[in-house]
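# Topology and contacts: notes
Residues per chain, in single letters:
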Amino acid sequence: MSLKSERRGIHVDQSELLCKKGCGYYGNPAWQGFCSKCWREEYQKARQKQIQEDWELAERLQREEEEAFASSQSSQGAQSLTFSKFEEKKTNEKTRKVTTVKKFFSASSRVGSKKAEIQEAKAPSPSINRQTSIETDRVSKEFIEFLKTFHKTGQEIYKQTKMFLETMHYKRDLSIEEQSECTQDFYQSVAEKMQTRGKVPPEKVEKIMDQIEKYIMTRLYKYVFCPETTDDEKKDLAIQKRIRALHWVTPQMLCVPVNEEIPEVSDMVVKAITDIIEMDSKRVPRDKLACITRCSKHIFNAIKITKNEPASADDFLPTLIYIVLKGNPPRLQSNIQYITRFCNPSRLMTGEDGYYFTNLCCAVAFIEKLDAQSLNLSQEDFDRYMSGQTSPRKQEPESWSPDACLGVKQMYKNLDLLSQLNERQERIMSEAKKLEKDLIDWTDGIAKEVQDIVEKYPLEIKPATQPLAAIDSENVENDKLPPPLQPQVYAG
């Protein structure tokens, strides 16, 4: 798979993919940046330490139980008869449970006693003290029936698995990383014992490990999936918000070689989206990986039908990114972290499940860092699309095939017209806001100039003097005008 494809605009720095330990091999996001060899070495280093801690915990619990027993015995000295009955009952109960477990793996078990044995096996341990769900009961029955075919080896595996669940019950206060290390150590320990002591063939070891993972993770799921002590939920909300903001990304921008106008291809795309969404409903890491694998195979089939040739890795990754953007799977980061922490490491290191899971991790990382350069867009267009101000132009009418539906053509034509009207409206609103701003600035400028003139030349109003008498006034007492002229007659 090419690490840098200029044709698709998907850029990956090779230095970021190298193993964190510096061995020169490529690392895997699912293995915290280590390669498969270094990842295994890290687990081997922590394995001995974890085993020692488990032994110390078991010894401490045994000592506490013995001390509590001795204290109870001394305090009940006056009631020795009652305590003897209680001790006898306890011994009988313990013997009955041991006998029942042995009968599970006995070849001569009678058919009539199977129902009672299954009911006793279903009974939850008092230390766990929780009600088992219907799915848990079903998985427990399947696990017991599966181990019956291995007789003595099955008994040993069942005992180790039950002991591991008891140990995990007392480790719920630990961080999720520490619980993950305990689970990975248990996987490796059981696999090595089957290969070295039990001489179990590798193909059977893989089947047994799948059943062990299914059994223990069905019981631990609600305690270790998206725990409150981590920021998995916060990451889920962040990636969901990011994918919603990228709803405008088209297959052409990612160079996706899939033609959804072909009915078969469209069906494959729908199935791929359904599978990637269905991943969240599964409880076992292997089942979640199976959903990713089915999704990936549908993608390869869609590419093959579109191109009439086998799909390549360069075509697969962009298409997977498009499927994730279109489906927006729920709790995506939590599911990825859950698989990384509690899946059988041999399944992630080898096989197609590990390959498809690695590609999904790369697709999520690309979506988180997706920018304008990745899609061959200008920063201005990218920002406008992200803000929702506009959307990319649809397919031009000239490029439609002759068999395309007329209604679809008209719909896209109307969308283009609405897009153009929207752009014109945005320009008009922009010019109107600019004109409004200019008018406000002009009004403020005139008001400021008037204020400056008033301050520079203030208006002084003098008090009014004694008013003069009007010429036509009849009040002529103080009138200083000369007497009026009298008409004169001249003889002549």
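Residues numbered from 1 in each chain as written. Predicted model: local features only at pLDDT ≥ 70, side-chain atom pairs only at ≥ 80, totals over all residues. Heavy atoms only, no water.

Going by an unreviewed UniProt entry, the protein chain carries the name Rab5 GDP/GTP exchange factor and comes from Heterocephalus glaber. We quote the UniProt Function (unreviewed entry) comment for the protein chain here in full: "Rab effector protein acting as linker between gamma-adaptin, RAB4A or RAB5A. Involved in endocytic membrane fusion and membrane trafficking of recycling endosomes. Stimulates nucleotide exchange on RAB5A. Can act as a ubiquitin ligase." (UniProt positions renumbered as here; feature names shortened; annotations may be inferred.)

### Digging into the overall build of the protein chain
From N to C terminus, the protein chain includes 18 helices and 2 strands. Considering the protein chain as a whole, with its 492 residues, one finds that 35% of them fall into the buried category. Within the protein chain, counting contacts between residues at least 6 apart in sequence, those at least 24 apart form 69% of the total. Summing over all exposed atoms, the protein chain offers an accessible surface of approximately 31900 Å²; the carbon and sulfur share of this is 54%. (Helix = DSSP H or I, 4+ residues; strand = E, 2+ residues; numbered from the N terminus. Buried < 20%, exposed > 50% of the residue type's maximum accessible area, 1.4 Å probe, protein only. Contact = heavy atoms within 4.5 Å. Areas by Shrake-Rupley, 256 points an atom, 1.4 Å probe, with all protein chains shown as cover.)

### Things to note about unusual backbone geometry
Most of the time, phi is negative for any residue but glycine, and the peptide bond is trans. We note that Arg331 has phi near 50 degrees; this positive angle belongs to a residue other than glycine. Tracing the backbone through its elements, the reader meets Arg331 in the loop between helix 13 (313-327) and helix 14 (332-342). With a relative accessible area of 34%, Arg331 lands in the partly exposed category.

### Observations concerning helix 13
The end-to-end C-alpha separation of helix 13 is 21 Å, in line with the 21 Å expected for 15 residues at 1.5 Å each. Within helix 13, 12 of the 15 residues are buried, which leaves it mostly tucked inside the rest of the structure. Taken together, the buried positions of helix 13 are Asp315, Phe316, Leu317, Pro318, Thr319, Leu320, Ile321, Tyr322, Ile323, Val324, Leu325 and Gly327. Positive phi appears at Asn328, one or two residues downstream of helix 13, with a value of about 45 degrees. (Expected span 1.5 Å × (residues − 1).)

### Re the nonpolar core
Counting residues in each nonpolar core, the largest one holds 49 residues, and the members touching the most others are Leu254 and Ile292. Mapped by element, the contributors of at least two residues to this core are helix 9 (232-245), helix 10 (251-254), helix 11 (263-278), helix 12 (285-307), helix 13, helix 14, helix 16 (351-369) and helix 17 (379-387). Contact partners of Ile292, with chain neighbours within four places excluded, come to Ile276, Met279, Ile339, Tyr356, Phe357 and Leu360. Val139, Ile176, Val200 and Ile216 belong to the second largest nonpolar core, which has 32 residues in total. (Core = buried A, V, L, I, M, F, W, Y, C linked by side-chain atoms within 4.5 Å.)

### Thoughts on the packing of aromatic side chains
Summed over the entire model, instances satisfying the criterion amount to 14 aromatic pairs. Taking NZ or CZ as reference, Arg172 lies 3.7 Å from the ring centre of Tyr223, over its face. (Phe/Tyr/Trp six-rings, centres within 6.5 Å; stacked < 30°, edge-to-face > 60°. Lys NZ or Arg CZ within 6 Å of the ring centre and 35° of its normal.)

### Side note on the side chain of Arg341
Along the polypeptide, Arg341 turns up in helix 14. Among the residues examined, Arg341 registers a relative accessible area of 10% and is labelled buried. Dropping the residues within four chain positions of it, Arg341 is found in contact with Ile176, Glu177, Ser180, Gln184, Pro227, Thr230 and Asp232.

### Quick word on the packing of helix 11 against helix 13
Here helix 11 crosses helix 13 at 70 degrees, and the two axes come no closer than 10 Å. Of the possible angle classes, the one that applies to helix 11 and helix 13 is roughly perpendicular. Relative to helix 13, helix 11 is oriented so that their crossing is right-handed. Across from Val269, Ala272, Ile273, Ile276 and Ile277 in helix 11, the residues of helix 13 making contact are Ile323, Lys326 and Gly327. When grouped by side-chain class, the residues that make up the contact of helix 11 with helix 13 number 6 nonpolar, 1 polar and 1 charged. (Axes fitted to C-alpha atoms, helices over the stretch in contact; angles between N-to-C directions. Parallel < 35°, antiparallel > 145°, perpendicular 65-115°, else oblique. Left-handed = near helix turned anticlockwise from the far one by under 90°. Nonpolar A, V, L, I, M, F, W, Y, C, P; charged D, E, K, R; others polar.)

### Focus on the pattern of salt bridges
In this structure the tally under the stated criterion is 20 salt bridges. One salt bridge in this structure joins Lys307 and Asp315, with 2.7 Å as the shortest N-O distance. We classify Lys307 as partly exposed; its relative accessible area is 31%. For Asp315, a relative accessible area of 4% puts it in the buried group. Ionic contacts of the salt-bridge type, sharing partners, join the residues Glu135, Arg138, Glu142, Lys214 and Arg283 into one network. (Salt bridge = Lys/Arg side-chain N within 4 Å of Asp/Glu carboxyl O.)

### Structural notes on the environment of Pro257
Here Pro257 lies in the loop between helix 10 and helix 11. With relative accessibility at 16%, the residue Pro257 sits in the buried group. In this structure Pro257 touches Ile303, Thr306, Lys307, Asp315 and Thr319, once residues within four positions along its chain are discounted.

### Structural notes on the side chain of Thr136
For Thr136, the position within the fold is in helix 5 (residues 134-147). Accessibility expressed as a relative area gives 2% for Thr136, which makes it buried. Beyond its immediate sequence surroundings of up to four residues, Thr136 is in contact with Thr218, Arg219 and Arg283.

### Observations regarding the environment of Thr340
Its place among the elements puts Thr340 in helix 14. Residue Thr340 is classed as buried on the basis of its relative accessible area of 11%. In this structure the C-alpha to C-alpha distance between Thr340 and Pro285, which are 55 residues apart in sequence, comes to 8.5 Å.

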